[in-house]
Amino acid sequence: WDPPAWCTAEGHRSEPPGQVEDGVQYVWRVQVNVLTDSDGWQYARSFASGVKWSSAFNPQSFVRRRLHVGRPFLPAAAAHAAAAHAAAVADGDGAFDAGGIAKDASRG
């Protein structure tokens, strides 16, 4: 079983990330960390449930995946207000997080 080229974390078909989602402009980036290679890819033998994913390609790697993370684009004035809000949250005034996730899976 191969998931669609673009899917949710649960494997359900989704559209590629758009610049505008629900009227909000987003900036998308590929998540890169110690669990991925320098381009954000993880490699495995298959897309089967429970498979072990690796950050390094090897001859036994037949599939790959990567995670795209979206954050709302904030113009300068809105960014300043968001920074002030984030500072208030850091002081214990509440919780704040915004973002979206899409997954790109393709054959290596």
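All values reported here derive from a predicted model rather than from experimental measurement.

(A) Geometry of the pairing of strand β5 (residues 63-72). One ladder, built from five bridges, connects strand β3 (residues 24-30) with β5; its direction is antiparallel. Residue pairing in the sheet places Arg29 in a bridge with Val69 of β5.

(B) View of the pairing of β3. Taken together, the two bridges between strand β2 (residues 20-21) and β3 define a ladder with antiparallel strand orientation. Across the sheet, residue Val20 finds its bridge partner in β3, namely Gln25. Where β2 folds back on β3, the antiparallel hairpin that results is connected by two residues, among which Asp22 adopts a positive phi of roughly 50°.

(C) Representation of the packing of aromatic side chains in the model. In total, this model carries three aromatic pairs according to the counting rule given. Seen from their ring centres, Phe47 and Trp53 are 6.0 Å apart, and the 45° between their planes marks the pair as tilted. The same class applies to Phe47 as to Trp53, namely buried. For the cation-ring pair, Arg64 lies above Trp41, with the distance from its terminal atom to the ring centre recorded as 3.8 Å.

(D) The arrangement of the confidence of the model for the chain in detail. Averaged over every residue, the pLDDT of the chain is 78; the share at 70 or more is 69%. Of all secondary-structure elements in the chain, the lowest mean pLDDT belongs to strand β6 (residues 100-107), at 50, while strand β4 (residues 42-44) reaches the highest, 95. Counting interchain partners and residues more than four positions distant, the pLDDT-below-50 stretch residues 92-102 has 24 contacts.

Rules behind the numbers
- Residues numbered from 1 in each chain as written.
- Predicted model: local features only at pLDDT ≥ 70, side-chain atom pairs only at ≥ 80, totals over all residues.
- Heavy atoms only, no water.
- Pairing = 2+ DSSP bridges.
- Helix = DSSP H or I, 4+ residues; strand = E, 2+ residues; numbered from the N terminus.
- Phe/Tyr/Trp six-rings, centres within 6.5 Å; stacked < 30°, edge-to-face > 60°.
- Buried < 20%, exposed > 50% of the residue type's maximum accessible area, 1.4 Å probe, protein only.
- Lys NZ or Arg CZ within 6 Å of the ring centre and 35° of its normal.
- pLDDT = per-residue confidence, 0-100.
- Contact = heavy atoms within 4.5 Å.

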